[in-house]
Amino acid sequence: MDFSTYFRDYPTPDGYYGEFGGMFLPPELQTAFKEIYDAYLTICKSAQFISELRRIRREFQGRPTPVYHCQRLSQKLGNCQIYLKREDLNHTGAHKLNHCMGEGLLAKYMGKKKLIAETGAGQHGVALATAAAYFGLECEIHMGEVDIAKQAPNVARMKVLGAKVIPVTRGLKTLKEAVDSAFESYLDSYKDSIYCIGSVVGPHPFPLMVRDFQMVVGVEAREQFMEMTGFLPDVVTACCGGGSNAAGMFAAFLNDPVRIIGVEPLGRGPKIGDHAASMAYGTKGVLHGFESYILQDESGNPQPVYSVASGLDYPGIGPEHALWRDCGRVEYDAIGDKEAVDAFFKLSRYEGIIPALESAHAIAYAMKLAKEMHSGSILVNCSGRGDKDLDYVIENFGFGEDHRFED
Ligand SMILES: *Cc1c(COP(=O)(O)O)cnc(C)c1O
């Protein structure tokens, strides 16, 4: 595939990345999503939108986030050098705010009054509530009752930020039901509101918009890395839930002689219900309005998924990743809970950076690869900080005294 014309060729106007993507929606909602796409195509090119988003990134989010050379960690592993793109230092502690601020600014330009979304672990809800507060927009977050009970701190954050958290009580009372509930609310109010998806998934144009808003990560990192070292990294890697932090990072390196690897969660192992590795074990199908690799049963229902990192337990992956894999540009591999937790403790102890358990998957992969490579460099997207995971980690794994390198 020719990547010099990639951004002109993909997605197609109807939202396809090869055979993946599209817009699978009830007819009533197709008009609403088309309206968002048309508005985005015009607005994203306007000088005013671009300069306002740049100013927000600098003054509110604290961008650019640095690239950091993990000297001690690299030295423990051999001669290959590991670098982190520090999205954990982005305002609110993760990359998610990059697309939420973009979606919020788009809503403002479209004259919408309300942002609607669902949330599972609450990370997307908190980032969107932050954007809504910044822009003075209403915010309605649908969340399963089970998740509300599990994620009390994030629920509190959303409420303090002024969002309305709607408890979803039907079915299993988790993410799937929250998606249905949020869609219904949007159907009732799309003239005044906009639906904000939390990753490079969902119907067109969201995989495109979210990737564009996240591409600031890769564009900054590429420039920073070249300035630091004079070269491109040999390998670029990131963890994949829906795939937004990875897509933003990878998109900036597609046309470079760089190996790109996405890391999925292998959880407890390859049995159904023990992982969320959609590339490794999924099949082609439709989920939440788009076509991609999905973990599904024979009748097309999503399978149960699990990962120690709640931000990674999604039974699908963005359609652009599916294209990147099938054309051979990006490789996908998986890391289990154990290795991710080990990387969580080692990055904390040897570098003074406590990563999100999601990001720890990519860091674990880089550590494994560094041992095999003996030389060269790996640039890892550290998608978020681990403060949110500390209570859970301590309760289940202690303080990590045994996660040390032998001296
Ligand atoms: C939500 C989240 C992820 C997973 O989402 P992607 O869309 O795959 O990036 C990864 N890391 C952190 C810190 C998250 O909060």
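Residues numbered from 1 in each chain as written. Predicted model: local features only at pLDDT ≥ 70, side-chain atom pairs only at ≥ 80, totals over all residues. Heavy atoms only, no water.

**Things to note about the overall build of the protein chain**
Counted only if it meets this: Only DSSP runs of H or I reaching four residues or more are called helices, and only runs of E reaching two or more are called strands; each is numbered from the N terminus. Residue burial is assigned from relative accessible area. The probe radius is 1.4 Å, only protein chains are included, and a residue is buried under 20% of its type maximum, exposed over 50%, and partly exposed in between. Note on definitions: a residue-residue contact is assigned when non-hydrogen atoms from the two residues lie within 4.5 Å. All accessible-area figures derive from a Shrake-Rupley calculation using a 1.4 Å probe, and residue coverage is judged against the displayed protein chains alone. The convention is simple: Lys and Arg are positive, Asp and Glu are negative, and His and the chain ends are not counted. All charge positions are set by atom: Lys at NZ, Arg at CZ, Asp at CG, Glu at CD.
The secondary structure content of the protein chain amounts to 16 helices and 14 strands. Within the protein chain, buried positions represent 59% of all 407 residues. A fraction of 73% describes how many contacts in the protein chain between residues 6 or more apart in sequence connect residues 24 or more apart. Put simply, the protein chain shows about 16,500 Å² of open surface, and 51% of that area lies on carbon and sulfur atoms. Here the protein chain holds 41 positive side-chain charges and 52 negative ones, and the gap between their average locations is 4 Å.

**Details of the domain arrangement of the protein chain**
Short version of the rule: An automatic or database domain assignment is the source of the domain bounds shown. Once two parts are brought into contact, the accessible area they lose, counted with a 1.4 Å probe and summed over both, makes up the buried area. Throughout this description, the term salt bridge denotes a Lys or Arg side-chain nitrogen within 4 Å of a carboxyl oxygen of Asp or Glu. In protein, a polar contact means a hydrogen-donor-capable atom and an acceptor-capable atom, both N or O and within 3.5 Å, with residues adjacent in sequence counting only if both atoms are side-chain atoms; elsewhere, any N or O pair within 3.5 Å suffices.
Taken domain by domain, the protein chain holds domain 1 (17-58 + 96-206) and domain 2 (64-93 + 215-397). For domain 1 versus domain 2, the distance between C-alpha centres works out to 23 Å. Between domain 1 and domain 2, the contact holds 22 residues from the first and 29 residues from the second. Together, the buried faces of domain 1 and domain 2 total about 2,200 Å²; carbon and sulfur atoms form 67% of this surface. The three residues of domain 1 that bury the most area against domain 2 are Tyr-17, Phe-20 and Val-200, which together make up 28% of that side's buried surface. Across the domain 1-domain 2 interface, the total number found is 1 salt bridge. Measuring nitrogen to oxygen at the nearest pair gives 3.1 Å for the salt bridge that ties Glu-19 to Lys-284. Here domain 1 is connected to domain 2 by 7 residue pairs in polar contact (both at pLDDT 80 or more).

**Observations regarding helix α5 (residues 96-109)**
Our working definition: In this analysis, the expected span of each helix is defined as 1.5 Å times one less than the number of residues it contains.
For α5, spanning 14 residues, the distance from its first C-alpha to its last is 20 Å, which sits close to the expected 20 Å at 1.5 Å a residue. For α5, the full list of buried residues reads Lys-96, Leu-97, Asn-98, His-99, Cys-100, Met-101, Gly-102, Glu-103, Gly-104, Leu-105, Leu-106 and Ala-107. Immediately beyond the C-terminal end of α5, within one or two residues, lies Gly-111, with a positive phi of roughly 75°.

**Focus on the site of the ligand**
Selection rule: One heavy atom within 4 Å of a molecule or strand is enough for the residue carrying it to be called near that molecule or strand.
Around the ligand sit 16 residues in total, of which Lys-96, Ser-199, Gly-241, Gly-243 and Ser-244 are the nearest. Measuring from an oxygen atom of the ligand, one finds a side-chain N or O atom of His-95 at 3.0 Å. In this structure, Ser-244 approaches the ligand through a side-chain N or O atom, which is 2.7 Å from an oxygen atom. Computed on the free molecule, the ligand has an accessible area of 380 Å², of which 97% lies beneath the protein chains in the complex.

**What about the sheet that holds strand β9 (residues 235-239)?**
Heads up, the condition is: DSSP bridges decide pairing: two strands pair if at least two such bridges lie between them. Lines fitted to the C-alpha atoms define the axes, with helices restricted to the stretch that makes contact. Angles between their N-to-C directions range from 0 to 180 degrees.
Sheet architecture is open: 6 strands sit in the order β3-β4-β14-β9-β10-β13, paired in mixed fashion. Edge positions in the sheet fall to β3 (67-70) and β13 (330-336), since each has one partner strand and no second. Along the sheet, successive strands turn relative to each other by an average axial angle of 30°, direction set aside. Bridge count for β9 against strand β10 (residues 259-267) is 5 bridges, and the pairing is parallel. Bridge pairing in β10 links Cys-239 to Val-263. Helix α10 (residues 206-229) rests against β3, β4 (81-86) and β14 (377-382) of the sheet, and its axis sits at about 140° to β4. Along the sheet, helix α15 (residues 357-373) contacts β4, β9, β10, β13 and β14; its crossing angle with β14, the most-contacted strand, is approximately 175°.

**Considerations on the packing of α5 against α10**
For the record, the criterion: Angle categories: roughly parallel below 35 degrees, roughly antiparallel above 145, roughly perpendicular from 65 to 115, and oblique for all the rest. Each crossing is labelled by how the near helix is turned from the far one, with a counterclockwise turn of less than a right angle marking it left-handed and a clockwise turn marking it right-handed. Any residue outside Ala, Val, Leu, Ile, Met, Phe, Trp, Tyr, Cys, Pro, Asp, Glu, Lys and Arg is labelled polar, Gly included; the first ten of those are nonpolar and the last four are charged.
Their axes nearest at 8 Å, the elements α5 and α10 cross at an angle of 120°. Our classification of the angle between α5 and α10 gives oblique. By crossing handedness, the relation of α5 to α10 is classed as right-handed. When α5 is examined against α10, the residues Lys-96, Asn-98, His-99, Gly-102, Glu-103 and Leu-106 are found in contact with a partner set consisting of Phe-206, Met-209, Val-210, Phe-213, Gln-214, Val-216 and Val-217. Here the contact of α5 with α10 is built from residues that sort into 7 nonpolar, 4 polar and 2 charged.

**So, the packing of aromatic side chains**
The relative placement of two aromatic rings is captured by the distance of their centres and the angle of their planes. Defined as follows: Pairing of aromatic side chains here covers Phe, Tyr and the six-membered ring of Trp, requires ring centres within 6.5 Å, and sorts the geometry by plane angle: under 30 degrees stacked, over 60 edge-to-face, intermediate tilted. Either the NZ atom of lysine or the CZ atom of arginine qualifies as a charge over a ring when it sits within 6 Å of the ring centre and within 35 degrees of the ring normal.
Here the structure, examined in full by the defined rule, presents 19 aromatic pairs. Each member of the aromatic cluster is reached from another via a ring pair, and the members are Phe-3, Tyr-6, Phe-7, Tyr-10, Phe-250 and Trp-324. Its end group placed over the ring of Tyr-306, Arg-268 keeps NZ or CZ at 3.8 Å from the ring centre. Lying over the aromatic face of Tyr-293, Arg-325 brings its terminal NZ or CZ to 4.5 Å of the ring centre.

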